Structure formats: structure tokens, C-alpha cells
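# Fold and geometry: a report
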Amino acid sequence: MTTTTTPPDAAEQAAHAVPRQPLLHDEVVVLAAPTQAWSDRHGDVGTNPVHGYWTGDQRVVSAVTLTVAGSSVEPVETVPAGAREVVFTGLLRGLDGPGADPDVRLDRTRTVRVAGVHERLRITDRLAPGQPVAERSGHTGRTVTVRIVPDASGMGAVKAGAPPVPVPAVLAADGGGTDAGRASWTAGSVSVTLRADGATVTTDGDAVVLTWSLPHARTVEVAWDCRVTAPDAVAVGATTPRTFHAPQGVEDDRLRRWLDRAVEDLDALRLRRPEGEFLAAGAPWFFTLFGRDSLWAARFLLPVDTTVAGSTLRVLAALQGTRDDPTTAEQPGKIPHELRQASLPVDNDEISLPPLYYGTVDATPLWICTLHDAWRAGLPEDQVRALLPALERALAWMRDSGDADGDGLLEYVDESGRGLANQGWKDSGDSVQWRDGRLADGPIALCEVQGYAHEAAVHGADLLDAFGLPGGPEWRAWAARLADRFRATFWVTDAVGPHPAIALDARKHAVDSATSNIGHLLGTGLLDEREEAVVAARVVAPDMASGFGLRTLSTTASGYWPLSYHGGSVWAHDTAVVVAGLTRSGFRDEARALAEQLLAAAVAFDFRMPELHAGDAAAEVSRPAPYPAACRPQAWSAAAVFPVWVALR
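Quick caveat, the model's predicted, so the values are computed rather than measured.

## Some thoughts on the overall build of the chain
Across its full length, the chain carries 15 helices and 28 strands. For 649 residues, the compact-globule estimate of 2.2 N^0.38 gives 26 Å, and the chain sits close to it at 27 Å. Looking at the chain as a whole, 56% of its 649 residues qualify as buried. Taking the contacts inside the chain whose residues are at least 6 apart along the sequence as the reference set, 64% of them involve residues at least 24 apart. Total accessible area computed for the chain in this model is approximately 25300 Å², and 52% of it derives from carbon and sulfur atoms. Across the chain, the mean location of the 58 positive side-chain charges is 4 Å away from that of the 82 negative side-chain charges.

## Side note on helix 13 (residues 588–604)
In a regular helix each residue adds 1.5 Å, so 17 residues correspond to 24 Å; helix 13 covers 25 Å between its end C-alpha atoms and thus fits that length. Turning to helix 13, its buried residues are A591, L594, A595, Q597, L598, L599, A601, A602 and A604. Its buried side turned inward, helix 13 meets helix 3 (253–268), helix 11 (529–539), helix 12 (572–584) and helix 15 (641–648). A positive phi of about 55° marks D606, the residue just after helix 13.

## Thoughts on the layout of surface pockets
Its volume calculated, the second largest pocket comes out at about 540 Å³. Counting residues per element, the ones that place at least two in the lining of the second largest pocket are strand 1 (28–32), strand 5 (74–80) and strand 6 (85–91). Looking at the lining of the second largest pocket, the element that brings in the most residues is strand 1, giving three residues. The residue makeup of the lining of the second largest pocket, split by class, is 16 nonpolar, three polar and nine charged.

## Brief notes about the confidence of the model for the chain
Reading predicted coordinates in detail is not appropriate for stretches of low pLDDT. Of all residues in the chain, 94% have pLDDT values of 70 or greater, and the mean over the chain is 93. For the stretch residues 1–6, pLDDT sits under 50, and the model shows zero contacts to residues farther than four places along the chain or on other chains. For residues 132–138, every residue scores under 50 in pLDDT, and the model assigns this stretch 14 contacts once sequence neighbours within four places are set aside.

## Details of the nonpolar core
The tendency in soluble globular proteins is for nonpolar side chains to be buried as a group. Of all hydrophobic cores here, the largest spans 150 residues; its most connected members are W258, W367 and M398. With nine residues, the single largest contributor to this core is helix 9 (residues 447–466). Not counting the four nearest positions on each side in its chain, W367 is found in contact with L295, L313, L316, A317, I335, L387, A390, L391 and A394. Within the second largest apolar cluster, 43 residues are counted, among which are V30, V146, L194 and L214.

## Brief notes about the packing of aromatic side chains
This structure, assessed with the given rule, holds 11 aromatic pairs. Between F286 and F290 the ring centres are 5.4 Å apart and the planes differ by 75°, which places this aromatic pair in the edge-to-face class. Between W296 and Y452, the ring centres sit 6.1 Å apart and the planes meet at 70°, which makes this aromatic pair edge-to-face. Of this pair, W296 sits in helix 4 (residues 291–300) while Y452 sits in helix 9, placing them 156 residues apart in sequence.

## Let's talk about the packing of helix 8 (residues 388–402) against helix 9
Where helix 8 meets helix 9, the closest approach of the two axes is 11 Å, and the angle between their N-to-C directions is 145°. Considering only the axes of helix 8 and helix 9, their crossing is left-handed. Here L391, E392, L395 and M398 of helix 8 lie close against helix 9, whose contacting residues are A453, A456, A457, G460, L463 and L464. Across the contact of helix 8 with helix 9, the residue classes break down as eight nonpolar, one polar and one charged.

## Examining the sheet that holds strand 28 (residues 510–511)
Here we have three strands laid out as an open sheet, ordered 24-27-28, and antiparallel in their pairing. Of all the strands in the sheet, the pair left with one neighbour each is strand 24 (445–446) and strand 28. Bridge count for strand 27 (residues 503–504) against strand 28 is two bridges, and the pairing is antiparallel. Bridged to A503 within strand 28 is V511.

## Thoughts on the side chain of Q423
Position of Q423 among the secondary structure elements: in the loop between helix 8 and strand 24. Contact partners of Q423, with chain neighbours within four places excluded, come to R292, Y357, G359, T360, V361, D362, Y412, V413 and D414.

## Topic: empty space enclosed by the protein
Applying the stated criterion to the full structure yields two cavities of 30 Å³ or more. Its boundaries defined by the atoms lining it, the largest cavity holds a volume of some 40 Å³. Lining the largest cavity, in full, are W296, R299, Y452, E455, H520, T524, V577 and R584. Elements supplying a minimum of two residues to the lining of the largest cavity: helix 4, helix 9 and helix 12. Its residues assigned to classes, the lining of the largest cavity shows three nonpolar, two polar and three charged. Looking at the second largest cavity, its volume works out to about 30 Å³. Forming the walls of the second largest cavity are Y412, K426, S431, V432, L446, E448, I502 and N517. Partitioning the lining of the second largest cavity into residue classes produces four nonpolar, two polar and two charged.

## What to know about the environment of P98
One can find P98 in the loop between strand 6 and strand 7 (104–113). Judged by its relative accessible area of 82%, P98 falls in the exposed class. Residues P98 and V114, 16 residues apart in the sequence, show an inter-C-alpha distance of 45 Å.

Rules behind the numbers
- All residue numbers here refer to positions counted from 1 along the written sequence of the relevant chain.
- Reporting in this predicted model follows two pLDDT cut-offs: at least 70 for local features of residues, and 80 or more for side-chain atom pairs to be given and counted; totals over whole chains, interfaces and linings ignore these cut-offs and use all residues.
- Side-chain metrics rest on all non-hydrogen atoms present in the structure, leaving aside hydrogens and water.
- A run of DSSP states H or I qualifies as a helix once it reaches four residues; a run of E qualifies as a strand once it reaches two. Both are numbered from the N-terminal end.
- With the radius of gyration taken over C-alpha atoms, the globule rule is written as 2.2 Å times the number of residues to the power 0.38.
- Throughout, exposure labels follow a simple rule: accessible area from a 1.4 Å probe, protein chains only, divided by the maximum for the residue type, with under 20% read as buried, over 50% as exposed, and the rest as partly exposed.
- Contacts are residue-level and defined by heavy atoms, with any inter-residue pair within 4.5 Å sufficient.
- Here, Shrake-Rupley sampling with a 1.4 Å probe gives the accessible areas, and only protein chains in the shown set may cover a residue.
- Charged residues are defined here as Lys and Arg on the positive side and Asp and Glu on the negative side; His and the ends of the chain fall outside this count.
- Each charge is placed at NZ for Lys, CZ for Arg, CG for Asp and CD for Glu.
- Expected helix span is taken as 1.5 Å per residue step, with the number of steps being one fewer than the number of residues.
- Any residue with an atom within 4 Å of a point lines the site, the site being either a cavity, points on a 1 Å grid over the protein atoms alone where a 1.4 Å probe fits but cannot get out, or a pocket, an open set with protein on both sides within 12 Å along at least 5 of 7 lines.
- Grid points are joined across faces, edges and corners, and a volume is the space filled by probe spheres set on the points.
- Amino acids outside the nonpolar list (Ala, Val, Leu, Ile, Met, Phe, Trp, Tyr, Cys, Pro) and the charged list (Asp, Glu, Lys, Arg) are all regarded as polar, and Gly is one of them.
- By definition, pLDDT measures how confident the predictor is in each residue, and it falls between 0 and 100.
- As used in this record, nonpolar core signifies buried Ala, Val, Leu, Ile, Met, Phe, Trp, Tyr and Cys residues forming a set joined through side-chain atoms within 4.5 Å.
- Here the aromatic set is Phe, Tyr and Trp, taking the six-membered ring for Trp, and pairing holds for ring centres within 6.5 Å; pairs whose planes are under 30 degrees apart are stacked, those over 60 apart are edge-to-face, and all others are tilted.
- Orientation is described by lines fitted to C-alpha atoms, with helices fitted over the stretch in contact, and by angles between N-to-C directions that extend from 0 to 180 degrees.
- Whether a crossing is left-handed or right-handed is set by the direction in which the near helix is turned from the far one by less than a right angle, anticlockwise for left-handed and clockwise for right-handed.
- For two strands to be treated as a pair, DSSP must find at least two bridges joining them.

This is the structure:
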């Protein structure tokens, strides 16, 4: 007997679908931290789970749809006007007269500011009364209808693919006056006020409905404004003029356009705490303070600005650890990993990061390195002096807590069981793997962290000496012992040649895969000249350099996959760190080669570099494929243009 089965229909498939993180590569964002608005390329809000109006980690609107006199909108063009504004142009063909030419045009301008989102609709009709073309009969007016769905979803839930959480809106009292055309609601601790002048405001199920009855005229405009108030926000938007600018006189049009776009995005990512401004890590998921990310972005900016670095250092110093707490990974002197409004689930409910989380092994030495570089770049000495107590605490953390087993190396392990398993910049669960694909067991000592620690110890000693504080010789001796230990334990060999291992595992065995991490050692002083030459040659070799930047994992490794988050993709900031290290170490040709590869990728992404992209070889593809869940813009990806600019000068 033969049996047949009927394939499940779309509704049944959707009912049994596993929630997944939303893909972002085709979506449009406009932002002015801490506010961001996401939509598709046509301006529609609600066709992707990430869509909506956001402030910080709180979504306040999940969907916005519109019709004009019953006509749908057929998209034509999307034109960004900087990071904060975009214009969506479409046609209202349901209102056209006879003939091939479109007659009615809709320009939808979405503008984001630090405290809300403003949208304006401009309808232009060449067949309006009084125009020198044939009129249509029966068109005496227009009704514009906008449906807005209030929402109270948190960032963690949306990232996990959870459905929206609609919340009821309260309409303003009837009778006109200053409250006419308004609605309000609460999303978490955020208060939201929606104003639409001239509109009739009603509710329909979960939606607030705005209706305008408009005359049939050549040009008409309507607008609505969504204002948010977040009284307990951990950071607020920066409203002062930015202190950094794109350098002048850049002849390469590609580089000039990337610089201009990057400066716009970095400006829109500025946030502020009482101690000063910093750059939010990236939209949408990391729209807050991240120790490592904010430090690298500020450090990249040092060739044109020291202000961001100085204020970022102060913000992080104010949050520096003071006690031992395994639940938050806090330790005395430790610089935090991230700061949020509330706890954040990561991937599943078994991992949840507390609002102030210290689970990073590299932010503390990077804080020291950034302080030194900012001082050398001209940060005022009074600002440097004020940070010296935090410097001494950060140095002590490297010795007392960062080196938990006393072997002279910095390592990490998640003691809580609910934090990040990997606590370097490659913090995904499979980022530290052997050449044969096996995952390494912790505690793990990452190679690049040893480079940061060596640089921090030597340059920390320079700061102590310069400001008349004791300890300089002891820290230089500590750094020398670290270099000896590294040289004796980290070097391995594969078919291409010798290279530092990505890490030592729990048994102090060298995890032998070749990774981009090794490029971070350049310029830190950890390697001697011969060793630096070996690393410089390897990072531009075909197994590592894709043609669009440096791969996170060599193609010789079993686990290599061009769309793996940390196992074969290309990260702009990662390549930029290596470009900067090559430049500092005197490998100008190699630095220019990788800089040109990033520049080619920037062209492909319309000069807004994403968090990461695919590691496919440029010899095989004409442009890099996007990593579909990558954040964009990302602070350290945008700021990566500055090491590229330095290398190509």
C-alpha cells in the first residue's frame, strides 16, 4: 500500500517555526542615539521583526502603515539624508489618470532625533484642479490614513525573534484645543506621546489610527511626531556639536565618501553620561556603552580627535570594578563590558547578562592603552592626571585578577555559568577552536589579550614615570616576563608556516588555528622584529586576506565558513586594528594592502560599513556578501576608516 502526505501549508509552518534573530541587511535605519527607527527599503514599518521606533533597548512602536485615498504605495527610491533622516519616494498609482506617466507622487521623510521620531508625508499631484492637464472626474478630496501600533517589546525579546507586545493607547479628550490629535502610552518605563496635527485620532484594536481629510490640491502635507521620555535611561543623547570631523584634502573619492559617511554615523551614535560622551557600539542590538567597542572606536579617532577618547575613558573609569562579584564578573580595577537598562538574555534563557556586566578580559588593558595613546595624541594633562588612580587600579587588575592562576598570562572563565563563555572580542561560543574544528575548553588565554596586556604594562609604566608615580620598573619587568612566557608557549606551525596560536586552553595547550587575532599583536611590543615579520606576512597571505579584508579564521582550518560570525567572516574593525598595527610596526606595504581591501568593501556597502561581512575571496566574487544579521552602523566599523586613512596617506 502506498501512502501520501500533504505538505504543511504556510500557516502550519509558521505555527511551528522556531523563533530566530531578525536579519538586517536589507533594512533601513535612521538614528540619533538613543533613538532609532527601522523599516524596510520602502519605508514600511512592521514587515521585519526588528522594525519599529526604539529608544535604547525599548521598542515603543512596532508597525506603521499608510494608505492615501485607498491607494497603496509603489516604491521608487530611498534616499538617505545623513544618518538621522531618510526620504522614501513612491507612487500612488491607484490615483493616476489614463496614460503611462505616473501622476501622484508621495515623498515620505522620516527624521529621528534623540527624543523621538518625526514623519512627514508630501503628496504631489499633477492632475490637481487648476493644472494645465486633463482632470479626473470625482476627485474632490483625499483621505490619508496612518495606522501606528504601540509596542512594549524589549531588545532581548526582539533579538530572539519573539512577537510584538502591543500596549493600549490613551487618546486625548475630545473638544479640540492643544490636546487635539494626540495619543499616549507607556512602554516599559518609557512614556510616549504621539501628536498628529489636523488628524482625527482613533483606535482600532491594537492600533492608533490617524486620519486626515485633505483637499484635492497640487501639494498637500501631513505629519506626525512620536516623542519619548525615558526618566531612568542609563545614557542620554548627546546634543552638543561633535568634536571630530572628516580630514580635508582627501583626493581618493572612495576614501573621502567613506570618511564623510563614517563621521555622520559616529555623530549619530554619540551618547552621554554625567562623566562625558561616548560612542554607542552599534544599531540595533548594541545601542549602549560597551567597554571594548567604545574604546576601540575612540582610539581609532585619535588621529583627528582626543575629546571622545578622554570622555570615554572617564565614563568607564566611573564604572570601574570595586569588588569581587561572580554574578556580574566584577573585580577590583576591572573595566566593564557593557551597560544596559535591564538584564539581557543572550541566545537563550540559560545565558543572561546583568545590566552592568564585567565579563570581558580585554577592556581593562585596552583602557590603559587608550589612555596612553590619548595622552600622546594631546589629551590635556589635567585630564590624564585625573585618571591616574584608575590607571593604577587597572594595572593591578591585570596582575591580581586577570592572571587568575599566576602563570603570567591573562585568561578568562565564566564563573557564574550565565555569562559569556568567551570573553575576548570574539565572544561567540565557537570562536576559539582548534584547526580540526574542536572547541577549546576554558579557562582560555587569548593571544591578542597578551599583546594588549604587554602594551598596557609598558605604556602604563611610561605614564607612571611621566607623572612621578612609582611602579614603572616593576611593570616593565612584568611585561618582559609576559613576552618570554608567550614566546615559549604560543607559537605553532601549519602548512603555511609558523604563527601564534589563537589561545592556550585550560591545559595550557596551544589552540593551533590561524586567526586574525594574531594581527592584533603587531605594534604591542610583545613580538620581536623577526616575529612581527612572520605575522605581517601571514595576515596578507591568501588564506587570511580575502580581498575585502582580513578573515577571522584561516581557510586552512576545518571550521572555516565565510558566513561564520567569528570563524571566517571579515570584521572591519578587526582588519583596521591590524592595519594600525602594521603601520606602527613599519610594514607600510602590508598595511596599504589590507587598507585597500577594506576600502573595496566600503564601496560595496555604500560606505556604511557593517559590523561584519562574508569572507569569500575577491577573486571569486565581485563584491562581498553581507552577513545578514550584522549591525549597521557600528561604531568601530565606521571608525575603522581612520586607520585606513592613515595607512593610505
